[in-house]
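Below are the chains, spelled out letter by letter.
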There are 2 protein chains.
Amino acid sequence: MTYTFANRIGSLAPSAIREILKVTQDPSVISFAAGNPAAFAFPVAEIEELSAELLASSGAEALQYGVSEGYGPLREQTKARIKRKFGLGNENDQLIITSGGQQVLELSAKVLGNEGDVVICETPSFVGALNAFRSYGLQLAGVPVLEDGMDLEAVEKILASGRRVAFIYTIPTYQNPTGRTMSLAKRQRLLELAEKYNVLILEDSPYLELSYEEAPPPPIKALDRSGRVIYAGSYSKVFSPGIRVGFALAPAPVISKLIVAKQVSDVHTNLFFSMLLSKYLEKYDLDKHISFVCREYRKKRDVMLAAAERHLSGVTMTRPGGGLFLWGELPPGYDGFELCKLASEKKVAAVPGSAFLPDETQTSGGFRLNFSLPTEEQIEKGMALLGQAVADLLKGR
Amino acid sequence: MTYTFANRIGSLAPSAIREILKVTQDPSVISFAAGNPAAFAFPVAEIEELSAELLASSGAEALQYGVSEGYGPLREQTKARIKRKFGLGNENDQLIITSGGQQVLELSAKVLGNEGDVVICETPSFVGALNAFRSYGLQLAGVPVLEDGMDLEAVEKILASGRRVAFIYTIPTYQNPTGRTMSLAKRQRLLELAEKYNVLILEDSPYLELSYEEAPPPPIKALDRSGRVIYAGSYSKVFSPGIRVGFALAPAPVISKLIVAKQVSDVHTNLFFSMLLSKYLEKYDLDKHISFVCREYRKKRDVMLAAAERHLSGVTMTRPGGGLFLWGELPPGYDGFELCKLASEKKVAAVPGSAFLPDETQTSGGFRLNFSLPTEEQIEKGMALLGQAVADLLKGR
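Each chain carries its own residue numbering, running from 1 in the written order of its sequence. Just so you know, chain letters begin at A and ligand numbers begin at 1, following the order they were written in. For a predicted model such as this one, the threshold for reporting local features is a pLDDT of at least 70, and the threshold for listing and counting side-chain atom pairs is 80 or more; totals across whole chains, interfaces and linings nevertheless cover every residue. As a convention, hydrogens and water are excluded, and side-chain values are obtained from all of the structure's heavy atoms.

Before going further, it helps to examine the overall build of chain A. Comment: elements are numbered from the N terminus, with helices defined as DSSP H or I runs of at least four residues and strands as E runs of at least two. Tallying secondary structure elements over chain A gives 14 helices and 14 strands in all. The reference for a compact globule is 2.2 Å times residues^0.38; the radius of gyration itself is calculated from the C-alpha atoms. Since a compact globule built from 397 residues should have a radius of gyration of about 21 Å, the 21 Å found for chain A is in line with a globular shape. Viewed in the frame of its principal axes, chain A has a C-alpha envelope of about 60 × 55 × 55 Å. With a 1.4 Å probe rolled over the protein chains alone, any residue whose accessible area is under 20% of its type maximum counts as buried; one over 50% counts as exposed, and the rest are partly exposed. Relative to its 397 residues, chain A shows a buried fraction of 64%. Counting contacts in chain A only where the partners sit at least 6 residues apart, residues at least 24 apart contribute 78% of the total. Any two residues whose heavy atoms approach within 4.5 Å are treated as being in contact.

Laid out in structure tokens, this is it:
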């Protein structure tokens, strides 16, 4: 028989990145296509110890149903930590624990957007977010990501057009895929626009703590005085993605709707790992762990940047101060997708820029390279191979 | 400022059950309001051992990102197990691992229903499912749950009405909240109706393995020859709910859409516990564990039934062959909500039948009692208190 699906889902294809990830399970392929943390980013020994402790002392509680807003102590610890470190949150805000940062994006789309509403987003942007918005029939209106962040003139043009805007979606710090960071001035100006046009901002910030040089500007949420920002955070990049623990900090009325939506989605986030993470935050120094991870990632970033200099002649690379990705731009007229096809023949994987476009019918001269997962040796070797692919493409072979 | 929410979520209130559950955190209250397994249903010692093993041998893998369809070995083991035990699945079916059984319901609503479409469901039914459907703007059309399951004449009337039906939702085995089980004849007839009117059936089956007497009829999915059934299963009731691991078995085209929706929802299910559960299934005998749990639950059920006999004069109780719940019906004209209010004054908690109604404006003379979580002593004491509340209500105090 044939099956009929809901309109909202009918046109949604599996993300190109995840399809490429499957291909890269071939161990002979050097992959710059992932978005995964390195294994050293997971405090495995500490998790081993805490897991044993937790099961011995509170196994029955940790394996039982929990509440939809998340494990109380972890909510409090997370709130206190992001307040202390980034000035996030005021007396009108609440926090919900979610099944990874992705769930914040999906639940926000669900509670804020009616079908046909517009989401203003960056182009290129994180495809997992774009697909979450598409899955509720939201219309994506992309604006370019300039050196200093979103093109705010383009944002205002859409806001002034009179179309109903559900929210503005941005990854202001070490953006995925470009690695770019929005300037402080633009953060303030974006908030002004949000107030002027009475819209909310969904600030997606999984990379904030992966900072390799000077500290980035404060989160938009920390500058917000009028309750317009939903902040999506994650423990995936600094602790473990496999456990699926993230959070949203937002004004209480928004959190209350997110809780209702969370309840019907998966009841609550994995309680065992919520409790384990809470114990970790109590007993260990997460900041110290993150410093170690950042030192290692900076080395890898630098190796990749130096290799790009040597091998990717003709390509313009970003030089991000943090995060997990470099972004390359081919000279005008060349297609990132063609480059990635040539590269995969040479057994090196990168993600074509077209995978990150709000408008999927467009092409992109860009491509994304991940430096957190490959070893330094793989980076050296893979970049040389990628350089051959670039040379082949540019000389029109 | 004031916030505007999407239509689909605006009217959705937090589930009455979960609100009541919070009240029952008062330790002096005897709660029959939960749906939680007993602590002895979690194989804590085995989980402790496997957790240590898993972290030592494959920590970096278990804490890393996984694929959206779920951990491969667990998918295969689950498929093989439900085929062997219940005849579930054929060559056209696939399986996805989900964040609990709840996520199957939410994702199914998302991929199958357009706003305004009808879901035919039982009345009363599981409120978590009803709210998941409501959260996509689906219209609930309830049909009574008779002694032998859904009123199929009422089902056919709706199907014949010409309204667009997204799917039929049923909990055929040890239904929540009534404890009733659909007869084999009705299962077959329901499939015939689904074929005649070309609709899908969402079979929610979290209690199938909690069977205390003769085996229930085969799942509807096991009788399905034409690919019309999505089967929602769960490890929550037989292993642990806190780890949030469930699954859907369905025709491949449906699973493929569920995977896409899962990807944008939470990327993938907790990988650590997917791997741990896989190891458990390899090394231990889940069936033996379930037999032990069922023996204990049967005792509790019998204690509650006997206490109902002694104390709840005037109430008609179901006598379910499995599951977690008894269902009581007050004499005509009395309201289950009034009973539950009186009961809570006496420090015993039950869930009023109105919480389970597709049409929330209706009242119900029913109430739901859980026997898995309270101890036998609590059951004895709580039922005596509940009996006083019933007597007070019936003599019109």
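Before going further, it helps to spend a moment on the sheet that holds strand β3 (residues 118-123) of chain B. Residues and elements named next belong to chain B. Pairing between strands is defined by DSSP: at least two bridges between them are needed. The strand order across the open sheet built from eight strands is β2-β9-β8-β7-β6-β3-β4-β5, with neighbouring strands paired in mixed fashion. With partners counted over all chains shown, the strands left at the sheet margins are β2 (93-98) and β5 (149-150), one partner each. An axis is simply a line fitted to the C-alpha atoms; with a helix, the fit covers only the stretch in contact. Between two such axes, the angle follows the N-to-C directions and lies from 0 to 180 degrees. Of the strands in this sheet, β3, β4 (139-146), β5 and β6 (165-170) are in contact with helix α7 (residues 152-160), which crosses β4 at around 160 degrees. Set on the sheet, helix α8 (residues 184-196) makes contact with β4, β5, β6, β7 (201-204) and β8 (229-234); between it and β7 the angle comes to about 150 degrees.

Residue and element names in this part refer to chain A. Read from one edge of the open sheet, eight strands run β2-β9-β8-β7-β6-β3-β4-β5, paired in mixed fashion. With one partner strand each, in any of the chains shown, β2 (93-98) and β5 (149-150) form the two edges of the open sheet. Relative to strand β9 (residues 246-251), strand β8 (residues 229-234) is paired through four bridges, and the arrangement is antiparallel. Within the sheet, the bridge partner assigned to Ala232 lies in β9 and is Ala248. Strands β4 (139-146), β5, β6 (165-170), β7 (200-204) and β8 of the sheet are contacted by helix α8 (residues 184-196), whose axis makes an angle of about 145 degrees with β7.

With that settled, the discussion passes to empty space enclosed by the protein. Residue and element names in this part refer to chain A. Points on a 1 Å grid over protein atoms alone make up a cavity when a 1.4 Å probe fits among them but cannot get out, and a pocket when they form an open set with protein on both sides within 12 Å along at least five of seven lines; lining residues each have an atom within 4 Å of a point. Grid points are joined across faces, edges and corners, and a volume is the space filled by probe spheres set on the points. Per the stated rule, a full pass over the model turns up six cavities of 30 Å³ or more. The volume enclosed by the second largest cavity comes to roughly 150 Å³. In this structure, the second largest cavity is lined by 16 residues; those nearest its centre are Arg81, Ser205, Glu209, Ser234 and Phe247. Listed by contribution, the elements that provide at least two residues to the lining of the second largest cavity are α4 (72-86) and β8. Considering every element that reaches the lining of the second largest cavity, the biggest residue donor is α4, with four residues. Throughout, the ten residues Ala, Val, Leu, Ile, Met, Phe, Trp, Tyr, Cys and Pro are labelled nonpolar, Asp, Glu, Lys and Arg are labelled charged, and all others, Gly among them, are labelled polar. Considering only residue class, the lining of the second largest cavity consists of 10 nonpolar, four polar and two charged.

Time to look at the interface of chain A and chain B. Contacts between chain A and chain B engage 84 residues on the former and 84 residues on the latter. In the sections that follow, a salt bridge refers to a side-chain nitrogen of Lys or Arg positioned within 4 Å of a carboxyl oxygen of Asp or Glu. The interface formed by chain A and chain B holds two salt bridges in total. The shortest N-O distance in the salt bridge between Lys110(B) and Glu106(A) comes to 2.8 Å. Contacts described as polar in this section are N or O atom pairs within 3.5 Å, which, within protein, must combine one atom able to donate a hydrogen with one able to accept it, while residues neighboring in sequence count only if both atoms come from side chains. Run the count over chain A and chain B and you get 36 residue pairs in polar contact (both at pLDDT 80 or more). Only α1 (7-10), α2 (16-23), α3 (44-62), α5 (101-112), α6 (127-134), α10 (252-266) and α11 (271-283) of chain A provide two or more residues apiece to the side of chain A that touches chain B. Here the side of chain A that touches chain B gets 10 residues from one element, more than from any other, and that element is α3(A). For the side of chain A that touches chain B, the residue count by class is 40 nonpolar, 31 polar and 13 charged.

Turning our eyes to something else, we now look at the domain arrangement of chain A. All names here are of chain A. Domain segmentation is taken from an automatic or database assignment of domains. Partitioning chain A into structural domains gives domain 1 (7-35 + 288-394) and domain 2 (61-283). At the junction of the two partners, domain 1 supplies 31 residues and domain 2 supplies 30 residues. Defined here as a combined quantity, buried area equals the accessible surface (1.4 Å probe) lost by two parts on assembly, summed across both. It is Arg8, Ile290 and Pro358 that lose the most area in domain 1 upon contact with domain 2, and together they represent 22% of the buried surface on that side. Across the salt bridge formed by Arg134 and Glu360, the nearest N and O atoms sit 3.8 Å from each other. At the boundary of domain 1 with domain 2, the tally comes to 12 residue pairs in polar contact (both at pLDDT 80 or more). When residues of the side of domain 1 that touches domain 2 are traced back to their parent elements, those giving at least two are α1, α12 (286-311) and β11 (325-329). A total of seven residues in the side of domain 1 that touches domain 2 trace back to one element, the largest contributor, which is α12. For the side of domain 1 that touches domain 2, the per-class residue count stands at 18 nonpolar, seven polar and six charged.

What follows covers the nonpolar core. Residues Phe133(A) and Phe133(B) are the most contacted members of the largest nonpolar core, which totals 218 residues. Here the nonpolar core consists of buried residues drawn from Ala, Val, Leu, Ile, Met, Phe, Trp, Tyr and Cys, with membership extended through side-chain atoms lying within 4.5 Å. Val118(A), Ala194(A), Val199(A) and Ile201(A) belong to the second-largest nonpolar core, a separate cluster that totals 21 residues.

The next point concerns the pattern of salt bridges. Using the criterion set out here, one finds 50 salt bridges over all chains in the structure. For Lys283(B), the salt bridge is made with Glu53(B), and the minimal N-O distance between the two is 2.9 Å. Of this pair, Lys283(B) sits in helix α11 (residues 271-283) while Glu53(B) sits in helix α3 (residues 44-62), and the two are 230 residues apart along the sequence. The class for Glu53(B) is partly exposed, based on a relative accessible area of 31%. The closest approach of N and O atoms between Lys341(B) and Glu338(B), which form a salt bridge, is 3.7 Å. Of this pair, Lys341(B) and Glu338(B) both sit in helix α13 (residues 336-345), three residues apart, which is roughly one turn of that helix. Since its relative accessible area comes to 33%, Glu338(B) is described here as partly exposed. Several salt bridges converge on common partners, so that one network encompasses Arg81(A), Arg84(A), Lys85(A), Glu209(A) and Asp287(A).

Turning our attention to α8(B). Residue and element names in this part refer to chain B. Expected span of a helix, by definition, is 1.5 Å for each gap between consecutive residues, and there is one gap fewer than residues. When the terminal C-alpha atoms of α8 are compared, their 18 Å separation across 13 residues agrees well with the 18 Å that a helix rising 1.5 Å per residue should span. Looking only at α8, the buried set comprises Lys186, Arg187, Leu190, Leu191, Leu193 and Ala194. Buried residues of α8 fall within an arc of 160 degrees about the axis and therefore sit on the same side. Exposed side chains of α8 directed beyond 90 degrees from the buried face belong to Ala185 and Lys196. By construction, the arc corresponds to the directions joining the helix axis to the C-beta atoms.

Moving on, we come to the packing of aromatic side chains. All names here are of chain A. In this analysis, rings of Phe, Tyr and Trp, with Trp reduced to its six-membered ring, are considered paired at centre separations within 6.5 Å, and the interplanar angle assigns stacked below 30 degrees, edge-to-face beyond 60, and tilted for intermediate values. Applying the stated criterion to the full structure yields 30 aromatic pairs over all chains. Judged by centre distance (6.0 Å) and plane angle (85 degrees), the ring pair of Tyr207 and Phe325 falls under edge-to-face. With Tyr207 in the loop between β7 and α9 (220-223) and Phe325 in strand β11, this pair connects stretches of sequence that are 118 residues apart. For Phe325, a relative accessible area of 3% gives the class buried.

Residues and elements named next belong to chain B. Here Glu122 is to be found in strand β3. Given a relative accessible area of 1%, Glu122 falls into the buried group. Once you skip the residues sitting within four places of it in the chain, Glu122 turns out to touch Val143, Val145, Met150, Tyr169, Thr170, Ile171, Gln175, Met182 and Pro358. Of note is the side chain of Glu122, whose polar atom sits 3.0 Å from the side chain of Gln175.

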